[in-house]
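Notes for the structure review
What follows is each chain in one-letter form.
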Amino acid sequence: METNLLSVSDFIALTNQTLEYAYPTVLIQGEVSSFNVNQGKFVFFDLKDNTGKIGCFMMLFNLRIALEDGMKVIVQASPKLTSLGKFSLTVQRIQPVGEGSIKKSFELLKEKLTKEGLFDDARKRQLPVIPKKVGVVSSTNAAGYADFIKISNDRWGGVEFLVADVSVQGLSASDQIISALEYFNSSDELVEVIVVIRGGGSSDDLAVFNDEKLVRTIALSRIPTLLGIGHETDITLAELASDRRASTPSNAAQILLPDKKDILNSVRHKLSMIGYLYQTELDRKLEHLNDSLKKVSNQISNLLENYLISLNSKVDKLTAYNPSTVLSKGYAVLRGELNPDSIIDIETYKKLIKAKVISVNEKK
Amino acid sequence: MKKNDIQSKIEELDKMIEWFESDQFSINDALIKYEKAEILAGEIKTELNEIKNKVTVIKKRFDES
């Protein structure tokens with residue numbers, strides 16, 4: 001069989017072309033060993049299983065999880081033959097797999113980001129009370145999304161939801177969610193709050209929300225964030241970095257929007273209270289008016305009584321001075337000249353008498 | 001950004017309660033204010049029961065790098 005004669009470099013180039021054609025990207029699961037970071041930017045580690053081992057290389061800025069020897073991971077990588085003849089994988093993405101590795105990666109990254117202050121309570125912002133415009137980052141096929149929209153519609157109206165349809169699990173999910181967050185943060189018409197939601201899932205599914213770049217994007221969002229990742233127990237780092245966490249997508253809708261039934265009851269109560277206050281004050285004023293009327297009435301009565309008493313007293317005095325009263329006591333009125341032999345008129349209480357004066361003498 | 005109308009009306013209703021509880025309360029103005037409160041409550045109820053949410057899925061694709 002004839003074959004072309006190649007130089008070493010040509011062979012390496014040809015091999016790489018073949019690999020690029022046959023295996024542009026591969027997904028490989030294995031255990032990390034000999035992990036190290038060179039010059040603060042280059043990451044090297046081996047990926048191994050029971051019988052085999054492959055060298056891996058990636059740029060530090062692409063490493064979005066915490067990694068250490070012994071962790072089980074899945075890498076998305078391109079195989080390559082280096083110019084030194086070494087076969088290796090150039091890794092584009094890596095994620096931990098299996099409960100143990102996921103937990104370990106989580107703990108390492110949590111410690112690192114906690115020290116940076118990303119999860120401090122002082123950084124948390126209040127969500128708007130009744131937002132008019134809300135950004136939603138979710139998969140529109142997911143049950144969690146449907147629950148969120150339904151509960152929101154039941155609770156409140158007049159809200160505009162702008163939905164970024166993304167994958168919420170899988171290797172590309174974190175990049176899609178980051179892209180959606182950056183979209184909302186750079187849009188001309190800003191939303192008032194960004195809600196990131198997905199339904200419950202396994203630890204592997206939720207590992208997306210422990211991606212370092214995603215966690216940092218949420219922490220740096222200038223728009224307040226509410227995360228409703230559907231599980232009750234484990235909290236992801238993205239939730240720790242968000243301004244508010246909901247236990248489920250439905251709970252996210254409950255946190256985001258008030259329940260109009262509560263508002264309607266409150267309004268009814270407020271109106272009743274106003275009516276009650278009005279009636280109470282009206283009753284009070286009427287009572288005051290009645291009291292005042294009584295007082296005035298009493299005063300008038302007292303005044304009249306005093307006048308009557310005074311009047312009676314005057315009448316008594318006048319009666320005492322009445323000439324008839326004097327006459328009734330036996331006195332008489334004499335009219336005429338008091339000279340001897342003159343005729344005088346004498347008026348008693350009951351008689352009119354004519355009499356002749358016999359004599360008139362001074363009393364001693 | 002335009003303030004939420006319902007929220008404004010609820011705040012106005014709260015202010016009316018404060019007025020009824022305050023020293024500024026007068027019988028002369030009370031009836032007018034009570035009638036206004038009834039109208040406000042009716043408007044809030046109508047808006048809450050009738051107004052709907054709007055959901056728009058953004059056309060942009062987020063799975064493209």
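Bear in mind the structure is a predicted one, so any value in this text is a computation, not a measurement.

1. With respect to the overall build of chain B
Of the regular secondary structure elements, chain B holds two helices and one strand. When burial is assessed residue by residue, chain B has 31% of its 65 residues classed as buried. For chain B, the exposed surface amounts to about 4,600 Å²; the carbon and sulfur share of it is 48%.

2. Digging into the nonpolar core
Counting residues in each nonpolar core, the largest one holds 41 residues, and the members touching the most others are A:Phe148 and A:Leu256. When residues of this core are traced back to their parent elements, those giving at least two are β6 (133-138), α3 (143-155), β7 (160-165), β8 (193-198), α8 (249-256) and α9 (260-321) of chain A together with α1 (5-21) and α2 (27-50) of chain B. If we ignore the near neighbours within four places in the chain, the residues touching A:Phe148 are A:Val136, A:Phe161, A:Val195, A:Ile197, A:Pro249, A:Ala252, A:Ala253 and A:Leu256. A:Ala180, A:Ile194, A:Leu214 and A:Ile223 belong to the second largest nonpolar core, which has 35 residues in total.

3. Considering the pattern of salt bridges
Any two side chains of opposite charge can pair if their charged atoms end up close together. Counted by the stated rule, this structure contains 24 salt bridges over all chains. A salt bridge links A:Arg335 to A:Glu347; the shortest N-O distance between them is 2.9 Å. Separated by twelve residues along the polypeptide, A:Arg335 in strand β11 (residues 333-335) and A:Glu347 in strand β12 (residues 343-347) bring together distant segments of the chain. Between B:Asp63 and B:Arg61 there is a salt bridge whose closest N-O contact spans 2.5 Å. Taken together, the shared-partner salt bridges connect A:Arg64, A:Arg93, A:Asp175 and A:Asp211 into one network.

4. Section: the sheet that holds β12(A)
Residues and elements named next belong to chain A. Strand order in the open sheet made by the three strands is β11-β12-β13, with antiparallel pairing throughout. Each having just a single partner strand, β11 and β13 (352-356) make up the two edges of the open sheet. Direction aside, the axes of adjacent strands within the sheet are offset by 25° on average. One ladder, built from three bridges, connects β11 with β12; its direction is antiparallel. Pairing of Leu334 across the sheet is with Ile346, part of β12.

5. Some remarks on the interface of chain A and chain B
Taken together, the contacts link 39 residues of chain A with 34 residues of chain B. Buried area between chain A and chain B, both sides added, is near 3,400 Å², and the carbon and sulfur share of it is 73%. Three residues stand out in chain A for area buried against chain B, namely A:Lys270, A:Ile274 and A:Tyr278, and they jointly supply 19% of the buried area on that side. Applying the counting rule to chain A against chain B returns one salt bridge. Between B:Asp14 and A:Lys270 there is a salt bridge, with its nearest N and O atoms 2.6 Å apart. Seen at the junction of chain A and chain B, the total is 13 residue pairs in polar contact (both at pLDDT 80 or more). Those elements that place two or more of their residues in the side of chain A that touches chain B are α3, β7, α4 (173-186) and α9 of chain A. In the side of chain A that touches chain B, the residues fall into 23 nonpolar, eight polar and eight charged. In this structure, β7(A) lies alongside strand β1 (residues 54-57) of chain B, joined through four bridges in parallel fashion. Counterpart to A:Leu162 in the pairing with β1(B) is B:Thr56.

How each quantity is defined
Residues numbered from 1 in each chain as written. Chains lettered and ligands numbered in written order. Predicted model: local features only at pLDDT ≥ 70, side-chain atom pairs only at ≥ 80, totals over all residues. Heavy atoms only, no water. Helix = DSSP H or I, 4+ residues; strand = E, 2+ residues; numbered from the N terminus. Buried < 20%, exposed > 50% of the residue type's maximum accessible area, 1.4 Å probe, protein only. Areas by Shrake-Rupley, 256 points an atom, 1.4 Å probe, with all protein chains shown as cover. Core = buried A, V, L, I, M, F, W, Y, C linked by side-chain atoms within 4.5 Å. Contact = heavy atoms within 4.5 Å. Salt bridge = Lys/Arg side-chain N within 4 Å of Asp/Glu carboxyl O. Pairing = 2+ DSSP bridges. Axes fitted to C-alpha atoms, helices over the stretch in contact; angles between N-to-C directions. Buried area = accessible area lost by both parts, 1.4 Å probe. Polar contact = N/O pair within 3.5 Å; in protein donor to acceptor, adjacent residues only side chain to side chain. Nonpolar A, V, L, I, M, F, W, Y, C, P; charged D, E, K, R; others polar.

Function-wise, these values are silent; they only describe arrangement.
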